[in-house]
Amino acid sequence: MGTPSVLWNVAKKCFTVGVISLTVSDLFASIVPVRGASMSPTFNPKTNSLLDSLSDDRVLVEKLCLSNYKFSHGDVIVFCSPDNHKEKHIKRIVGLPGDWVGTIYDVVHIPEGHCWVEGDNSASSLDSRSFGPVPLGLVKGRVTHILWPPHRVSSIERKTSRNRVSPS
Amino acid sequence: MLPTLNITGDVVLVEHLSHRIGKLGSGDLVLVRSPLDPNKTLTKRIVAMEGDRVTFSLDPTRSFSSRSLVVPQGFALLMCASRDSNPHHSTHMSALLSEWNSALMFVPKGHVWIQGDNLYVSRDSRHFGPLPYGLIEGKVFMRVSTANSIAFGFVHKNKLKSPGLSFCALGCGCWRAVREQRSTEKRESMLQGLCPHSWCPCSGLDSSPVLAFEGMVAALLVYIELPGALLWHGSVCGSCWVALLGL
């Protein structure tokens, strides 16, 4: 009667590993692929017409920052789209609550509990310039490292443009 | 949320499944992350889903009607049309209509409109606008205990009445306000601007109470079945048709 107990042990181990990895990916960190060219110099620098998912960047998203929602200018975040909760976007924080952010048309005051996000590739990016400030509650994590294409493994540094944002 | 949940604090059971599979509807009690402070969570009731129009009053203590109504698009059109084209409104009614029209909010795609059950103290969508669906964290389906005694109870779906009925209630409210007026001239002037007639921009309707009642029923029928109501009401002028065909 060796086989059933071996199977049972394997099943138990699989279940344990599954639960642990689910918990880790839910609470601490997870790995997500980046699609599209909206963050082009930082992620997916080569825009190829062939949708080759292997060449997409894989990034590490840490979720410990969600315990107190403290972000700073220049952080790259993952957030749910305000228009469609099933989509997730990766963008860079430009303005935090209380800031004034200059757009092409006017200067926008960011309300309490919101942030202003923009893609690095402003030509092909759907961001706060089209849907306005994003509630911080929609943020799902902060991108810290690029993991997948082995020659591009690196950490993400904060980039800020001081001339566009003025703290109030 | 006072009539539903206690002021001393309740323990509620929340399930995290319905909002992921999109099974939430208006009337559900939900747990949401506050858009103003992401560290806080709120318990509110969904009043309207994406695509609806909502009228509300910011200060229910001073307003004519404290209820929030979910308005389908056609009614909004009719109300706007009547305000613009009917010069016979009494000041009371036009003030009411303009208050309602100015507070008409469109709930955009991917958003919901949430409100507390206790309108007088609740800070909800009336202050911070429509709420992105992604901020919903779960649906409250059961109340487990109150502070000092354990009591089980399902939290029921408490939907606002259908817009037609609410509008009829509004009409009845207006009618009661009219009846309470003592002087005849005042009553006459208010009747000229009574809402069921002011929805129809035809001018020169006489002000008998029977017609006012007829207007109320017509307003109800407009919601239930448009063509039947048009036949029944009979006297709908051109701009009304335009507004209705624009539905």
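Residues numbered from 1 in each chain as written. Chains lettered and ligands numbered in written order. Predicted model: local features only at pLDDT ≥ 70, side-chain atom pairs only at ≥ 80, totals over all residues.

An unreviewed UniProt entry annotates chain B as Peptidase S26 domain-containing protein of Gossypium klotzschianum. On record in UniProt, under Subcellular location (unreviewed entry), the comment for chain B is "Mitochondrion inner membrane". (UniProt positions renumbered as here; feature names shortened; annotations may be inferred.)

For chain A, an unreviewed UniProt entry supplies the name Mitochondrial inner membrane protease subunit 2 and the organism Gossypium klotzschianum. UniProt lists a comment for chain A under the heading Subcellular location (unreviewed entry), and it reads "Mitochondrion inner membrane".

Trainee: So what about the overall build of chain A? Which residues, and what values?
Mentor: Looking only at helices and strands, one finds 2 helices and 11 strands in chain A. Burial status across chain A gives 26% buried among its 168 residues. Partitioning the contacts of chain A with sequence separation of at least 6, the portion at a separation of at least 24 is 56%. (Helix = DSSP H or I, 4+ residues; strand = E, 2+ residues; numbered from the N terminus. Buried ≥ 20, exposed ≤ 12 C-beta atoms within 10 Å, placed from the backbone. Contact = placed C-beta atoms within 7 Å.)

Trainee: Could you give an account of the overall build of chain B, with specific residues and numbers?
Mentor: Of regular secondary structure, chain B possesses 9 helices and 10 strands. For chain B, buried positions account for 35% of its 247 residues. Across chain B, contacts joining residues at least 24 apart in sequence account for 62% of those joining residues at least 6 apart.

Trainee: Could you give an account of the interface of chain B and chain A, with specific residues and numbers?
Mentor: Contact residues are listed per partner, giving 13 residues for chain B and 13 residues for chain A. Classifying every residue of the side of chain B that touches chain A gives 6 nonpolar, 4 polar and 3 charged. (Nonpolar A, V, L, I, M, F, W, Y, C, P; charged D, E, K, R; others polar.)

Trainee: Give a detailed account of the sheet that holds strand E5 (residues 99–102) of chain A, specifying residues and quantitative values.
Mentor: Residue and element names in this part refer to chain A. In spatial order, the strands read E6-E5-E11; together these 3 strands make up an open sheet with antiparallel pairing. In this open sheet, the two strands that pair with only one neighbour each are strand E6 (107–109) and strand E11 (165–167). Along the sheet, successive strands turn relative to each other by an average axial angle of 20°, direction set aside. (Pairing = 2+ DSSP bridges. Axes fitted to C-alpha atoms, helices over the stretch in contact; angles between N-to-C directions.)

Trainee: Can you explain the nonpolar core? Please cite residues and give values.
Mentor: Counting residues in each nonpolar core, the largest one holds 39 residues, and the members touching the most others are Ile77 of chain A together with Val112 and Ile114 of chain B. When sequence neighbours within four positions are dropped, the list of residues in contact with Ile114 of chain B reads Val30, Val32, Lys44, Arg45, Ile46, Val47, Asp124, Ser125 and Leu131 of chain B. (Core = buried A, V, L, I, M, F, W, Y, C linked by C-beta atoms within 7 Å.)

Trainee: Talk me through the UniProt feature "domain: Peptidase S26" (unreviewed entry) in chain A; I want residue IDs and the actual numbers.
Mentor: Here the UniProt-annotated "domain: Peptidase S26" (unreviewed entry) positions come out as residues 8–103 and 109–148 of chain A. The span residues 109–148 of chain A is 10% helix and 40% strand, and its two end C-alpha atoms sit 37 Å from each other.

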